[in-house]
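Inside the fold
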Amino acid sequence: VSRFVPPLPVFAQFMDLPLLPGDEVPHAPHLAVSADPWPGVAAVYHSPSAANYELLDVFSVASTLGALTEPLAAGPLGVFDRSNTFRVQLTQGALESVPQDALLSGSNVAAIGDGSPENWEIIQFQYATLVGENVYEVSHLLRGQAGSDALVPAEWPVGAGFVLLDSVPKQLDLVSSTRNVAQYFRVGPSGRSFDDPSYQEQVQAFQGIGLRPYAPAHLKGEDISGDLALTWIRRTRIDGDIWDVPEVPLGEAFESYRVRIVQGPTVIREQVVSASAWAYSSAAQQIDGISEPFEVRVAQVSEKFGAGAEAVLAVGERLFLRVWVSRRAANLGSIHA
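Bear in mind that the values here come from a model prediction, so they are computed numbers and not experimental data. Positions within a chain are numbered from 1, following the residues in the order the chain's sequence is written. Owing to the predicted nature of the model, reporting of local features is limited to residues with pLDDT of at least 70; listing and counting of side-chain atom pairs is limited to 80 or more, with chain, interface and lining totals taken over all residues. Excluding hydrogens and water, the side-chain figures rest on all heavy atoms present in the structure.

Secondary structure elements follow DSSP: runs of H or I no shorter than four residues count as helices, runs of E no shorter than two count as strands, and numbering proceeds from the N terminus. Mapped onto the elements, Ser139 comes out in strand S11 (residues 135-145). The criterion used for residue contact is that any of the two residues' heavy atoms lie within 4.5 Å. Ignoring anything within four residues of it in the chain, the contact list for Ser139 reads Asn84, Thr85, Phe125, Gln126 and Tyr127.

Below, the structure written as structure tokens:
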């Protein structure tokens, strides 16, 4: 007679991710599940309240999940990060190395995050070397993929979550009206009822990160006669890899940006503009009382999501001094300046 193995809880990692291949449902979250031992099939029940649960989906394969066993520092974006490596302890699954052409075609995509639904950096890796029991050293990275560059911290700490984004994690079939509304989930072995003690309940709300605009690129500021002339280049989250068109698709109903002037924790000025340029005039700077280094933050605005990820420009002492001297020249005359 085989020994009875009681049903154990199933670990569920909810992830609100950006568009990856591009054909996903933009507002729908992803779910990765794992258990040891794996129950064969895991079930996900959903309800808008703490009652009347209905079956939402089933998972017949466990996802490849793990946690970092050493910190991962921030690295270069848009090019290979060859200086940083990290080690990950997997609870399920395995990792493998791929040729570079396979990597550039979309292989070995993973998410590293703090466990919350929305805070995930999307990476790709070329090499994965087994260095211990279920421990892999991962290297030759592409960082901040799919617009997640705005979320890369100075360092991912030990214990940060790791999820391999292969075909196993699934998008959940939720309607768009559930965005930013708390939803109830119960995840457990499918052989048991959703009210069994082996099921764990989670309450989550999802922003719909697939709708979030990317942070603009190449945000620059130039001192022109005391005015701070700002320019940037927009990015797209949809069909951005098409190279034979003069401009990437807008991906939104209209072009709009939110520009903020921030000093310390305070938003000094906020402006909405319809072009990828704006001038912070010397008169406006005088009205705002800018007297020390500040930040310019620019985000593209979506009619469905609102302001997206921000590009940040730190206006330091040297640029501030030039602006201040230009204002003095305008007020006192060039001989005094």
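So that's the structure; there's more coming.
Note on placement: Gly221 falls in strand S17 (residues 217-224). As a C-alpha pair, Gly221 and Tyr280 span 59 residues in sequence and 9.5 Å in three-dimensional space. Every residue in contact with Gly221, bar those within four places of it in the chain, is listed here: Leu228, Ala229, Leu230 and Leu313.

This next bit is on the sheet that holds S17. At least two bridges found by DSSP between two strands is the condition for calling them paired. One open sheet holds the three strands; their spatial order is S17-S18-S21, and the pairing between them is antiparallel. Either end of the sheet is taken by a strand with one partner, and the two such strands are S17 and strand S21 (277-280). Between one strand and the next, the sheet's axes are offset by a mean angle of 20°, whatever the strand orientation. The axes are straight lines fitted to the C-alpha atoms, using for helices just the contacting stretch, and the angles between their N-to-C directions are given from 0 to 180°.

This paragraph deals with the sheet that holds strand S1 (residues 11-15). The pairing of strands in a sheet happens through backbone hydrogen bonds and is either parallel or antiparallel. Across the sheet, three strands lie side by side as S1-S2-S14; this open sheet has antiparallel pairing. Since the sheet does not close on itself, it has two edges, and those belong to S1 and strand S14 (170-171), each with one partner. Where strand S2 (residues 30-34) and S14 come together, two bridges link them in antiparallel fashion. Directly across from Leu31, in S14, lies its bridge partner Lys170.

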